Amino acid sequence: MIELRGAEAAEFDTRLDEVIDVYAQAMRAPVEQLPGRKSIMRSHGSYPAFQCLFAELYGRTVGFAYGFHGAHGQWWHDVVHRALAEQQGREAADAWLGNAFELAEIHVHPDYQGKGVGRALITTLCAGRQERSVVLSTHDQPTIARHLYRKLGFVDLLSPFVFPGGHELYAIAGTTLPLR
């Protein structure tokens, strides 16, 4: 049986190799991108109200999710806030991102996808959060993940969206807390 277990930032940091392995499998990420992703993930552990969950089966990590309280000065937060303000106005950007839990990463090893692991990670991670909303970015394609987010009440805030320096299309999605 898959168990969910919380981890503090220090443990998350020591398990980054496991995290990157799950990320690489789930995202089919090119090996040359992994050092940069690992560095970004390591820095996320220092963000305010960082919270992480591991999905484990017999001590093996088969999934993980983490997030933190979004704040000005964080790259993703600032980029998305600016784009949302340009498209929908500053009030809308502040309403969505002014007191938000930013769900930074949710990944499940392909062998365990479609079994409720992602849903359990998200709902458990978001339970009891004090923020007004939860926001995330995902590939702007009709994926299983997008379908799950919609079922959890997420709506597209920006779509399609290209991050600075990137070329892939993303959707920025959000919903109010608590999750429905």
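Let's hear about the overall build of the protein chain: which residues, and what values?
Looking only at helices and strands, the protein chain has seven helices and seven strands in total. For 180 residues, the compact-globule estimate of 2.2 N^0.38 gives 16 Å, and the C-alpha radius of gyration of the protein chain, at 15 Å, lies within 12% of that figure. In terms of its C-alpha atoms, the protein chain occupies a principal-axis envelope of roughly 50 × 35 × 30 Å. When contacts within the protein chain are restricted to residue pairs at least 6 apart in sequence, those whose partners lie at least 24 apart make up 67%. Looking at the protein chain as shown, the accessible area adds up to about 9300 Å², and 52% of this sits on carbon and sulfur atoms.

Break down the sheet that holds strand 6 (residues 155-161) for me, citing the residues and quoting the values.
With respect to topology, seven strands assemble into an open sheet ordered 1-2-3-4-5-7-6, the strand pairing being mixed. Looking along the sheet, the strands with just one partner apiece sit at the ends: strand 1 (3-7) and strand 6. The average angle at which neighbouring strand axes cross in this sheet is 20°, direction not considered. Direction of pairing for strand 2 (residues 51-57) relative to strand 3 (residues 60-69): antiparallel, over a ladder of seven bridges. Looking at strand 3, one finds that Leu53 is bridged to Ala65.

Which residues make up the pairing of strand 7 (residues 170-176), and what values do they have?
Each regular strand displays side chains that alternate between the two surfaces of the sheet. Counting buried positions along strand 7 gives six out of seven residues, so the element sits mostly inside the fold. Examined bridge by bridge, strand 5 (residues 133-139) and strand 7 share seven bridges and lie antiparallel to one another. Counted as the bridge partner of Leu136 is Ala173 from strand 7. Pairing analysis gives four bridges linking strand 6 to strand 7, with the strands arranged antiparallel. Within strand 7, the position partnered with Leu158 by the bridge is Ile172.

Outline the nonpolar core, supporting the account with residue identities and numerical values.
Among the nonpolar cores identified, the biggest contains 24 residues, and Leu103, Ile122, Val134 and Phe154 are the most heavily contacted of them. Taken together, the elements giving at least two residues each to this core come down to strand 2, strand 3, strand 4 (100-108), helix 6 (117-126), strand 5 and helix 7 (144-151). Looking at this core, the element that brings in the most residues is helix 6, giving five residues. Setting aside chain neighbours within four positions, we find Val134 in contact with Phe101, Leu103, Cys126, Phe154, Ala173, Gly174, Thr175, Leu177 and Leu179. In terms of nonpolar packing, the next biggest core, distinct from the first, is built from 17 residues, Leu16, Val19, Phe54 and Phe64 among them.

Tell me about unusual backbone geometry, and name the residues and values.
Cis geometry marks the peptide bond from Ser159 to Pro160, where omega comes out at -5°. At the junction of Leu177 and Pro178, the peptide bond is cis and its omega measures out at 0° in the coordinates. By secondary structure assignment, the location of Pro178 is in the segment after strand 7. Although it is not a glycine, Arg28 adopts a positive phi angle of roughly 50°. Along the chain, the position of Arg28 falls in the loop between helix 2 (16-27) and helix 3 (34-44).

Definitions and limits used
Residues numbered from 1 in each chain as written. Predicted model: local features only at pLDDT ≥ 70, side-chain atom pairs only at ≥ 80, totals over all residues. Heavy atoms only, no water. Helix = DSSP H or I, 4+ residues; strand = E, 2+ residues; numbered from the N terminus. Rg over C-alpha atoms; globule rule 2.2 N^0.38 Å. Contact = heavy atoms within 4.5 Å. Areas by Shrake-Rupley, 256 points an atom, 1.4 Å probe, with all protein chains shown as cover. Pairing = 2+ DSSP bridges. Axes fitted to C-alpha atoms, helices over the stretch in contact; angles between N-to-C directions. Buried < 20%, exposed > 50% of the residue type's maximum accessible area, 1.4 Å probe, protein only. Core = buried A, V, L, I, M, F, W, Y, C linked by side-chain atoms within 4.5 Å.

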